[in-house]
Amino acid sequence: MKKIQGGVCAPIGFKANGVHCGIRKNKTKRDLSLIVSDARAAAACVYTQNLVKGAPILVTKKHMADGYASAIVCNSGNANTCNENGEEIAEQMCGLVADAAGISANDVIVASTGVIGQPLSLDPIREGMPSLVSGLSEEGSSLAAQGIMTTDTIPKEIAYSFQLGGKECHIGAIGKGVGMINPNMATMLIFITTDAAISHAMLQKALSADVKDSFNMVSVDGDTSTNDMVAVLANGCAGNEPVIAPGKDFNAFRKALNKVTTYLCRKIAGDGEGATKLLECKVTGAKSKAAARTVAKSVIKSNLFKAAMFGADANWGRVLCAIGYSGADVDITKVSVDFRSRAGELAVCRNGSGIPFSEEEAKKILSEKEIEILIGLDDGSGKATAWGCDLTYEYVKINGDYRT
């Protein structure tokens, strides 16, 4: 497997673009993105579990009934959520793509991100669609990545090449999400493309399994979004023998998919609203994988612990506290905790109790941009990783005036 350039356009047969159409007041911000496949593609999606769902999700679910799609359209700056005519607007967005790109409206996945509860006018989208479609290109991934950003500080894209049945295949993705991020798929927008040939059923199986250890293990602020989804298009243009059942090729595809999703997990967590540090919590020795996931997520979601990491304070007691209320079956007398970064590794807890350590060394280790929290439970073989970020003054500032 090799990291390559091109994002969602790295796979054969995909083009993308992103433009400013006028949804957002800032004309330097792109606010409408489109990804189109040359061939009708097998598709799979996972959606937010929030009971309040954006209109685009409701429309996408209907369009995904047959397991195929040809395009993904997304606007930023307005979530199109809790609007009386939201579904009508989302359907019309798909219709505009269909008319301009020459595809069926039922083959369009639609997404929106931004402020909840504000009416979304179709006018700027209608006016921007001709330039959006005419500008589609195999170099357009970065533009599309910019067009789905809200409070993100950097666009997020990645691509890899891999082998399936002796054929070179490619998988690429763009993503957004730095706030309203909390485990329980899906709390972000992720769009993934691949030229691998794989059936809708196996694509959905791969995605549904992957998110349990990738996107469901990310938390920025404990708020589960109303709008977000992960969508994958697989157009088969690489020419491999179609993956229609479990086996060697399916496992190779899952590995490539996880490479992409894990990369984006780290990027999203590290770019959390106001964040200065990426936190990666690795749990080993749990009684089960489920228990490991529960512990890792509990620690990464703890506001007290996140605040300590902002201050480079080795307050390991907050780790133990989060483990204790996680609900996982853990023998606290066996727990060990270490902190690790590029500056070194420091043991702070053994057998559920504190051990002597250098506060100066701890400060040095926890002042780095990326910090690992290593938790050993010494009670089995279950393991899991979760990603998060520190809690800063800037997070409150960003969300104190988000609408304005």
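In every chain, residue numbers begin from 1 and rise along the written sequence. With pLDDT at 70 or above as the cut-off, local features in this predicted model cover only qualifying residues; side-chain atom pairs require 80 or more to be listed or tallied, and sums for whole chains, interfaces and linings still use all residues. To obtain the side-chain values, all non-hydrogen atoms of the structure were included, while hydrogens and water were left out.

If you look the protein chain up in an unreviewed UniProt entry, it shows as Arginine biosynthesis bifunctional protein ArgJ from Candidatus Borkfalkia faecipullorum. According to the UniProt record, the Sequence similarities (unreviewed entry) comment for the protein chain is "Belongs to the ArgJ family." UniProt positions are given in the numbering used here, feature names are shortened, and annotations may be inferred rather than shown by experiment. Per its UniProt entry, the protein chain bears the Subunit (unreviewed entry) comment "Heterotetramer of two alpha and two beta chains."

S.K.: Requested: an account of the pairing of strand β2 (residues 14–19), with residues and values cited.
M.R.: Categorising residues by exposure relies on relative accessible area from a 1.4 Å probe, with only protein chains included: less than 20% of the type maximum marks a residue as buried, more than 50% marks it as exposed, and the intermediate range marks it as partly exposed. Each helix corresponds to a stretch of at least 4 residues labelled H or I by DSSP, and each strand to a stretch of at least 2 residues labelled E; elements are numbered beginning at the N terminus. With five of six residues buried, β2 is to be regarded as a mostly interior element. Following DSSP output, two strands are said to pair if at least two bridges run between them. Where β2 meets strand β3 (residues 32–47), six bridges bridge the pair, whose relative direction is antiparallel. Looking at the pairing, G18 lines up with S33 of β3.

S.K.: How would you sum up helix α6 (residues 248–270)? Please name residues and give values.
M.R.: Every α-helix winds through 3.6 residues per turn, so residues three or four apart in the chain are directed the same way. For a helix, the expected span equals 1.5 Å multiplied by the number of residues minus one. The terminal C-alpha atoms of α6, which comprises 23 residues, lie 33 Å apart, in line with the 33 Å expected from a rise of 1.5 Å per residue. Every buried residue belonging to α6 is among F250, F253, A256, L257, V260, T261, L264, C265, I268 and A269, and all of these are buried. Its buried side turned inward, α6 meets β6 (156–164), β7 (167–176), β8 (189–194), α5 (200–210), β10 (278–286) and β15 (382–389). Throughout, a residue-residue contact means that at least one pair of heavy atoms, one from each residue, lies within 4.5 Å.

S.K.: Please give an account of the nonpolar core that cites residues and values.
M.R.: If you look at the biggest cluster of nonpolar residues, it comprises 77 residues, and the most contacted ones within it are F253, V319, F339 and I375. At nine residues, α6 tops the list of elements feeding residues into this core. Buried Ala, Val, Leu, Ile, Met, Phe, Trp, Tyr and Cys residues that are joined via side-chain atoms within 4.5 Å together make up what is termed a nonpolar core.

S.K.: Just give me the short version of the state of the cysteines, but keep the residues and values in it.
M.R.: In what follows, a disulfide is any cysteine sulfur pair within 2.5 Å. Inspection of the entire model under this criterion finds zero disulfides. Of all cysteine sulfurs in the structure, the one in C21 sits closest to C74, which takes part in no disulfide; the separation is 11 Å. Free cysteine: C265, not disulfide-bonded; nearest cysteine sulfur from C389 at 13 Å. Among the residues examined, C265 registers a relative accessible area of 0% and is labelled buried.

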